[in-house]
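Here is what each chain is made of, one letter per residue.
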Amino acid sequence: MNGRLPVVLPPATGELFSSWIARHAAFYGVPALTMLRHGLPDAVSLHIADRTLSRDQAGRLAEMFSMDAKTVRRMTFANIRRSAHRFIAKEPLQRCSSCKSGTSDPGPILRCDLQGWRITCPHCARPFQDLAQCDRGRPFNQYHAAAHRGEKLLQDDAERDIQTWTSPLELARLLLMRRVPWPFPRDAELWRYRVLSVVVPDLDDVIAREGSFPPSPKHPIVPLHIRPALLAGVAIVERAGPEMLQMLQAHTFGHNRLRFIEETDHLINPAFGLPGPRQMQLI
């Protein structure tokens, strides 16, 4: 341990740990990793520290910065569910133009800037702005209420370990699995058809205009203007209950169907004896 720093910069509300370290590095005129290693000599990268900072490491840094260890660790993603890490980007995805207005520089990076399950700022509740600066409109405005409910479901699951009958994070990944449309499309561009579009039919047309849709269950971060569709889909399935998953199974095929059944059967089978929405109510 190299001792406490003479000058400590207070973290901004909701600031990401690596952003806070980088601001100290700029103040002291050293590389960001050098600043981190001032307190953690074995640190490999700021990116890893953002996700895996242990309580012991937070304690050592807290002593170096003369602050509470819990405050240090809350700036990281170390406390969130492991399954939520797939939804965290390596670089900022979005920004809140309201919270960051009036600053001449980009300012601190906030934790929420990297969270791929959010569409609104957790500090002021205003819609996020896409960092790509592309005005693609809001194609899923009609799903506004459901999208905000889905955002809360994923936020509760990721940050508070609060679930209903299943994990909303896992529902989001299931909805990004491929499906086989019927009637079979002439263009045979099957890569763009997802289970989500069974729940949110408008999605097919949006993806067709975009020309690409790289997110998948393995990489589930969707572009900000498409994210309301995914969040709404999660909210709709969560509210309908396990029976809707059985209906969605029928829209998958081959290896994807086997995977879908494997990941949902334990949710569907126990539900058969329970009261709930009937199939016709879910279509």
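One can find the structure itself at the top, above this paragraph.
Positions within a chain are numbered from 1, following the residues in the order the chain's sequence is written. In keeping with the model being predicted, local features are shown solely for residues with a pLDDT of at least 70 and side-chain atom pairs are shown and tallied solely at 80 or more, while totals for entire chains, interfaces and linings include all residues. Side-chain numbers come from the whole structure's heavy atoms, not from hydrogens or water.

## Considering the overall build of the protein
Reasoning step 1: Counting from the N terminus, the helices are DSSP H or I runs at least four residues long and the strands are E runs at least two residues long. When helices and strands are tallied, the protein shows 12 helices and two strands.
Reasoning step 2: Reading the protein from its N end, one meets helices and strands in the order α-α-α-α-α-β-β-α-α-α-α-α-α-α.
Reasoning step 3: Each residue's exposure class comes from its accessible area (1.4 Å probe, protein chains only) as a fraction of the maximum for that residue type: buried when under 20%, exposed when over 50%, partly exposed otherwise. Out of the 283 residues in the protein, the part that is buried amounts to 46%.
Reasoning step 4: Contacts in the protein between residues far apart in sequence, at least 24 positions, make up 61% of those at least 6 positions apart.
Reasoning step 5: Total accessible area on the protein stands at roughly 14,600 Å², and carbon and sulfur atoms take up 54% of it. In what follows, a contact means two residues having at least one pair of non-hydrogen atoms within 4.5 Å. Note on areas: Shrake-Rupley with a 1.4 Å probe; residue coverage comes only from the protein chains shown.

## Considering unusual backbone geometry
Reasoning step 1: Of note in this structure, Ser66 is not a glycine but carries a positive phi near 55 degrees.
Reasoning step 2: You can see Ser66 is positioned in the loop between helix H4 (55-65) and helix H5 (69-74).

## Overview of the side chain of Thr166
Reasoning step 1: Locating Thr166 in the fold gives a position in the loop between helix H6 (144-160) and helix H7 (168-175).
Reasoning step 2: Apart from residues no more than four positions distant in its own chain, Thr166 is found in contact with Leu171 and Leu267.

## A short note on the packing of helix H11 (residues 242-249) against helix H12 (residues 254-268)
Reasoning step 1: At their nearest, the axes of H11 and H12 sit 9 Å apart, and the two run at 160 degrees to each other. Between H11 and H12, the interaxial angle falls into the category roughly antiparallel. Helix-helix and strand crossings are classified by hand; for H11 and H12 the assignment is left-handed. Contacts between H11 and H12 pair Pro242, Leu245, Gln246, Leu248 and Gln249 from the former with Arg257, Phe260, Ile261, Thr264, Asp265, Leu267 and Ile268 from the latter.
Reasoning step 2: Any residue that is not Ala, Val, Leu, Ile, Met, Phe, Trp, Tyr, Cys, Pro, Asp, Glu, Lys or Arg is counted as polar, Gly included; the first ten are nonpolar and the last four charged. For the contact of H11 with H12, a count of residues per class yields seven nonpolar, three polar and two charged. Helix axes are fitted to C-alpha atoms over the stretch in contact, other axes to C-alpha atoms as well, and angles between N-to-C directions run from 0 to 180 degrees. In these notes the angle categories are as follows: under 35 degrees is roughly parallel, over 145 is roughly antiparallel, 65 to 115 is roughly perpendicular, and the rest is oblique. For any helix crossing, the convention is left-handed if the near helix is rotated counterclockwise from the far helix by under a right angle, and right-handed if that rotation is clockwise.

## What about the packing of aromatic side chains?
Reasoning step 1: A pair of Phe, Tyr and Trp rings is counted when the ring centres sit within 6.5 Å of each other, with Trp represented by its six-membered ring. The angle between the planes then sorts it: under 30 degrees is stacked, over 60 is edge-to-face, the rest tilted. Summed over all chains, the structure comprises three aromatic pairs.
Reasoning step 2: Measuring from ring centre to ring centre gives 4.3 Å for Trp20 and Phe65, while their planes differ by 45 degrees; the resulting arrangement is tilted. With Trp20 in helix H1 (residues 17-28) and Phe65 in helix H4, this pair connects stretches of sequence that are 45 residues apart. An identical accessibility class is assigned to Trp20 and Phe65; each is buried.
Reasoning step 3: Taking the centre distance of 5.1 Å and the plane angle of 80 degrees together, the rings of Phe27 and Tyr28 count as edge-to-face.
Reasoning step 4: You can call Tyr28 partly exposed: its relative accessible area is 27%.

## Quick word on H12
Reasoning step 1: How far a helix is expected to stretch is found by multiplying one less than its residue total by 1.5 Å. With 15 residues, H12 should cover 21 Å at 1.5 Å per step; its first-to-last C-alpha distance of 20 Å lies within 8% of that length.
Reasoning step 2: Think of it this way: the bend at a residue is just the angle between two axes, each fitted to seven residues, one set ending at that residue and the other starting at it. Along H12, the sharpest kink reaches roughly 35 degrees, centred on Glu262.
Reasoning step 3: Here H12 has its buried residues at Asn256, Phe260, Thr264, Leu267 and Ile268.

Read these as geometric descriptors, not functional statements.
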